[in-house]
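Reading the structure
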Amino acid sequence: MAKKPSAYLQAIARDNSLPIEQSALDLWLKDLQNPLRWGIRPLLQFVFAILLHLIWFFKRLPLPQFSAHQSLQRLICWFCRHFVSKEANLLILRHYATESNVLNFLAANSPVDDYQPVQLYPKSIDDMRDASFVEHDQQLFRLFAELGAWHHPAKPLPVDELSWQHWQPVQMADFEFAEKRTQWLDFESAHALFMCLFCLLLTREQYRDAINGFNLDQSIALRIGDLVGNPKLAEMAYNKHPHYLVGPWNLSQRFLMHGFFTEQLYAYLEGVRQSTTTDTA
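Here the structure is a predicted model, which is why all the values come from computation and not from measurement.

**Brief notes about the nonpolar core**
Membership of the largest hydrophobic core comes to 80 residues, with the highest contact counts inside it found for Y207, I220, I224, L265 and L269. Here this core gets 13 residues from one element, more than from any other, and that element is helix 5 (residues 86-108).

Quick look at the structure:
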């Protein structure tokens, strides 16, 4: 007999104050009930946080830099296929799609026409060897550079004039996933294992940029809030102040909150898109 969720989990399962798709919420609630999250994760995060800061110090020394991006990505994909839970893997795949959609919506509704849309929509773990985590960060930086300085519009765009040109709704049935008995590791424990490898196998500039890229969440929310006339969207962003560069302290929480932000902003925009489609039907 399945264990009944705690009173708090039952409460947040029904709380729709912040937009989030039911499929993403169901995955996260199941991941929260993974016993390893409450047993092994605190130990992993403690040990690997210390190791991460030691590697960070080593990488900051005036030594020749090295990067093993492809090896890093192959190792991550192998580990995800064999040891990371189905829920965590699907949340990772969803994150690529939700962030790509959010960035493409921003670009399509910006006054700049000369940009390349983000094309990172992996459907399986193997696809992530090409749609890699590093490429995921670099596409964000590239698009921001192409869009240039933001000029706050005097008024939002009319709903029926919003462009959904590059939007790809996230359908859970599109994801390909082969379950294995060894897939037992929850989302946060898996991140604790990988954060040191990222620091070690990327150059110090690549890693520094990656862990600070989360802070662009606030800028994204402010820009989209201008476009749709909802300044409250900026409140979804936990990671803020992109001009202030940070190190790996509190990385696990900032990483997780970035994932929540993209899910919530995607769900909000998908609601706008669906309502627009219904109104014009």
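**Some remarks on empty space enclosed by the protein**
For the structure shown, the criterion picks out 3 cavities of 30 Å³ or more. Here the largest cavity is characterised by a volume of approximately 620 Å³. In terms of lining residues, the largest cavity is bounded by 32 residues, among which H95, F133, F187, H191 and F255 are the most central. Going through the elements one at a time, helix 2 (22-32), helix 4 (69-83), helix 5, helix 6 (133-147), helix 7 (187-201), helix 8 (204-212) and helix 10 (251-280) are the ones with two or more residues in the lining of the largest cavity. The space that makes up the second largest cavity amounts to roughly 40 Å³. Around the second largest cavity, the lining residues are E99, H136, D137, L140, G213, F214 and H258. Per-element tally for the lining of the second largest cavity: the top contributor is helix 6, with 3 residues.

**Considerations on the environment of H191**
As for its position among the elements, H191 is in helix 7. Classification of H191 as buried rests on a relative accessible area of 13%. When the C-alpha atoms of H191 and L251 are compared, they prove to be 9.7 Å apart, with 60 residues separating the residues in sequence. For H191, the residues in contact, after removing those within four places along its chain, are L251, S252 and F255.

**Observations regarding the packing of helix 4 against helix 7**
Contact geometry for helix 4 and helix 7: axes closest at 10 Å, N-to-C directions at 165 degrees. If you check the angle between helix 4 and helix 7, you find them roughly antiparallel. As helix 4 runs across helix 7, the sense of the crossing is right-handed. Contact residues: H69, L72, L75, I76 and F79 in helix 4; L193, F194, L197, F198 and L201 in helix 7. Taken together, the residues of the contact of helix 4 with helix 7 break down into 9 nonpolar, 1 polar and no charged.

**Considerations on the side chain of N104**
Tracing the chain through its elements places N104 in helix 5. A polar contact of 2.7 Å, which involves the side chain of N104, links it to the backbone nitrogen of V118. Once residues lying within four places of it in the same chain are set aside, the contact partners of N104 are P117, V118, Y121 and H166.

**As for the layout of surface pockets**
Of the volumes computed, that of the largest pocket is approximately 430 Å³. What lines the largest pocket is a set of 17 residues, and nearest its centre among them are I12, L18, L25, F260 and Q264. The element best represented in the lining of the largest pocket is helix 10, accounting for 4 residues. Split into classes, the residues belonging to the lining of the largest pocket amount to 14 nonpolar, 2 polar and 1 charged. As a volume, the second largest pocket reaches approximately 160 Å³. Every element with two or more residues in the lining of the second largest pocket is listed here: helix 3 (35-60) and helix 10.

**Digging into the pattern of salt bridges**
All told, the structure shown has 11 salt bridges when counted by the stated rule. Between K30 and E87 there is a salt bridge, with its nearest N and O atoms 3.3 Å apart. Of the two residues, K30 sits in helix 2 while E87 sits in helix 5, which places them 57 residues apart along the sequence. Linking R273 and E270 is a salt bridge whose minimum nitrogen-to-oxygen distance equals 2.8 Å. In this pair, R273 and E270 are both assigned in helix 10, 3 residues apart and thus about one turn of the helix distant. A relative accessible area of 5% means that E270 is categorised as buried. The network of salt bridges with common partners includes E21, R94 and E263.

About the criteria used
Residues numbered from 1 in each chain as written. Predicted model: local features only at pLDDT ≥ 70, side-chain atom pairs only at ≥ 80, totals over all residues. Heavy atoms only, no water. Core = buried A, V, L, I, M, F, W, Y, C linked by side-chain atoms within 4.5 Å. Buried < 20%, exposed > 50% of the residue type's maximum accessible area, 1.4 Å probe, protein only. Helix = DSSP H or I, 4+ residues; strand = E, 2+ residues; numbered from the N terminus. 1 Å grid on protein atoms, 1.4 Å probe; cavity = no way out; pocket = protein on both sides within 12 Å on 5 of 7 lines; lining within 4 Å. Points joined across faces, edges and corners; volume = space filled by probe spheres on them. Contact = heavy atoms within 4.5 Å. Axes fitted to C-alpha atoms, helices over the stretch in contact; angles between N-to-C directions. Parallel < 35°, antiparallel > 145°, perpendicular 65-115°, else oblique. Left-handed = near helix turned anticlockwise from the far one by under 90°. Nonpolar A, V, L, I, M, F, W, Y, C, P; charged D, E, K, R; others polar. Polar contact = N/O pair within 3.5 Å; in protein donor to acceptor, adjacent residues only side chain to side chain. Salt bridge = Lys/Arg side-chain N within 4 Å of Asp/Glu carboxyl O.

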